[in-house]
Every structure is written in structure tokens, then in C-alpha cells.
Amino acid sequence: MIFIFGTRTTTGNPIQTGQTCPACGEEHSIMMVPEQRYFHLFWIPLFPTSKQFTPVCNLCGAMFTTQKVPVTDEVRKQYKTPKWTLLGPIVLGLLILAVIISVSVTSVSENSDLKAKVENPQEGDIYHVKYDVHQYSLMRVASFSPDSVYFHLSPGRIERKSDLDKMAEMDAFNTLELKGFSKDELKKNSIPEIEILRIRR
Ligand SMILES: [Zn+2]
């Protein structure tokens, strides 16, 4: 039978306690053997659960209950929960962190890419824009001045952002009308009712 989750036990190094063995009477012969239980999922430790100690005499080998040989606070302090019993959450946390970092790095680079393309426009640059929910369209750079960019707009609106590339291939732009925006508002992406999603060159 395969257990995909449950608890497992790890045994730590025995701790000398200085206690006297109730069986053979030898002084300082009791060692506490620590055990840490932890919850696992597919054998990946998720979190530690209970901790227990088994008193053993290192002379006669007798084992006792902790009712018979009590565990001292000192012993409890000496045995630290192994960090690896938290491996699952640590790995998961690192994964989440990696995803967050890669997403933010991507958005930063896309943003600076957008600014660079607005600052140095090229005739034919295609702007993917969003007008409203499920209202996507294109703008194509027709000309520019030092502080403004002029566009031919596509009269069509589509519902799916992913179809914008196909729409660009159809090359349907209204070349009779020129629409101008300042580079400033383009870079800030602050044109009313138009959000720039990306610029294709
Ligand atoms: Zn003993």
C-alpha cells in the first residue's frame, strides 16, 4: 500500500541527561533519544508535528517511559526541530517568490520597451490597444514629430486580444484620418479610453 501523505518520524542524536537508571542504578547513564514526527506529502516534509523522547540506559540498555524517567526542560531545549521538516513550505515559498520576481521583471522590461519605442518611433509600428472590456484594436504609426506621434487607426474592433496579430496581417487601417498623441501621454499610457498593451515593430 502506498501512502501519499501522512506522518513520518525522524530520530535525532541521543542527549545525555545525567539521570540515574531505575533498572541498573547506574548514575548519569540515561540518554534521551529524541524523535520528531512530521507531516509529509509524497515524502516531501510539510511541517513538524509532535516531538517525543525515549529514555534509554546506555549501560544496561533498558528503555523507559517518560512517566518513569521524566524529560527535563533542558533536554527539550537541546533538541531543536530539524529545519528540513519544513522543506515543503520553504520550496513552495521559493517557487512563488521566483514566479513573482519573473513576472515583475517581465512587466518592467515590457514597460521600458514601450517607452523606448514611443520615444524613437518608426513608421509602421503597430500599437495593440484596448478600448474597453473585450474591445481591442490597432493603431499604426504614420508619422511623428519630436514630441508627438501620429497614427492611422484601424476602424475594426475585436473581442479577443490574441487575435490582434491576425488583425494586423489584414492591414486594414483608415489612412484618410490621422490621429496624434503626445509622446508624453503615450509613454504614461494615459490617453483617455485607450490603453496601450504592446508595440510591435
Ligand atoms: Zn541501566
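Being a predicted model, the structure only gives us computed values, none of them experimental.

A. Highlighting the pattern of salt bridges. Applying the stated criterion across every chain, the model contains eight salt bridges. Taking the shortest distance from any N to any O, the salt bridge between Glu 119 and Lys 187 comes out at 2.4 Å. Here Lys 187 lies in helix α4 (residues 183-188) and Glu 119 lies in helix α2 (residues 87-119), a separation of 68 residues in the sequence. Classification of Glu 119 by relative accessible area gives partly exposed; the value is 34%. Three or more residues joined by partner-sharing salt bridges are found here, namely Glu 119, Lys 183 and Lys 187.

B. Structural context of the sheet that holds strand β9 (residues 195-200). Strand order in the open sheet formed by five strands is β8-β7-β6-β5-β9, and the pairing between neighbours is antiparallel. Bordering the open sheet on either side are β8 (174-182) and β9, each of which pairs with just one other strand. Between one strand axis and the next, the sheet turns by 35° as a mean value, whatever way the strands run. As paired strands, strand β6 (residues 135-144) and strand β7 (residues 148-153) are joined by five bridges and run antiparallel to one another. Looking at β7, one finds that Ser 143 is bridged to Tyr 150. Each of β5 (126-132), β7 and β9 is contacted by α2, which is oriented at about 75° to β9, the strand it contacts most.

C. Examining the coordination of the zinc ion more closely. Coordination of the zinc ion by the protein is provided by Cys 21 (SG), Cys 24 (SG), Cys 57 (SG) and Cys 60 (SG), with metal-donor distances spanning 2.3 to 2.4 Å. For the zinc ion, the four donor atoms in the first shell make angles of 104 to 116° at the metal, a pattern classed as tetrahedral. Each donor residue of the zinc ion belongs to the same chain, with the gaps between them written as C-x2-C-x32-C-x2-C. Of this pair, Cys 24 sits in the loop between β2 (15-16) and β3 (30-41) while Cys 57 sits in strand β4 (residues 44-57), placing them 33 residues apart in sequence. Under the relative-accessibility criterion, Cys 57 is labelled buried at 2%.

D. Spotlight on the nonpolar core. The biggest cluster of nonpolar side chains holds 16 residues, and the ones touching the most others in it are Tyr 127, Met 139, Phe 151 and Leu 186. Counting residues per element, the ones that place at least two in this core are α2, β5, β6, β7 and β9. Of all hydrophobic cores here, the second largest spans 11 residues; its members include Cys 21, Val 69, Val 71 and Tyr 79.

E. A positive patch on the surface, seen in detail. On the surface, Lys 51, Arg 76, Lys 80 and Lys 83 cluster together into a positively charged patch. Here Arg 76 lies in helix α1 (residues 73-78).

F. Focus on the packing of aromatic side chains. Using the criterion set out here, one finds six aromatic pairs in the structure. Relative to Phe 181, the ring of Phe 151 lies with its centre 5.9 Å away and its plane at 55°, an arrangement referred to as tilted. Of the two residues, Phe 151 sits in strand β7 while Phe 181 sits in strand β8, which places them 30 residues apart along the sequence. The residues Phe 151 and Phe 181 share a single accessibility class, namely buried. Feature note: the residues Phe 5, Phe 39 and Phe 47 constitute an aromatic cluster, connected by ring pairs. One Lys or Arg, Arg 157, reaches over the ring of Tyr 131 and ends 3.5 Å from the middle of that ring.

Conventions and cut-offs
Residues numbered from 1 in each chain as written. Predicted model: local features only at pLDDT ≥ 70, side-chain atom pairs only at ≥ 80, totals over all residues. Heavy atoms only, no water. Salt bridge = Lys/Arg side-chain N within 4 Å of Asp/Glu carboxyl O. Helix = DSSP H or I, 4+ residues; strand = E, 2+ residues; numbered from the N terminus. Buried < 20%, exposed > 50% of the residue type's maximum accessible area, 1.4 Å probe, protein only. Pairing = 2+ DSSP bridges. Axes fitted to C-alpha atoms, helices over the stretch in contact; angles between N-to-C directions. Contact = heavy atoms within 4.5 Å. Donors = N, O, S within 2.8 Å, 3.2 Å for Na, K, Ca; no water. Tetrahedral: all angles 85-135°; square planar, octahedral: opposite > 155°, others 65-115°. Core = buried A, V, L, I, M, F, W, Y, C linked by side-chain atoms within 4.5 Å. Patch = residues over 30% accessible without salt bridge, like charges linked within 9 Å, V, L, I, M, F, W, Y side chains within 5 Å. Areas by Shrake-Rupley, 256 points an atom, 1.4 Å probe, with all protein chains shown as cover. Lys, Arg positive; Asp, Glu negative; His and termini not counted. Charge placed at Lys NZ, Arg CZ, Asp CG, Glu CD. Phe/Tyr/Trp six-rings, centres within 6.5 Å; stacked < 30°, edge-to-face > 60°. Lys NZ or Arg CZ within 6 Å of the ring centre and 35° of its normal.

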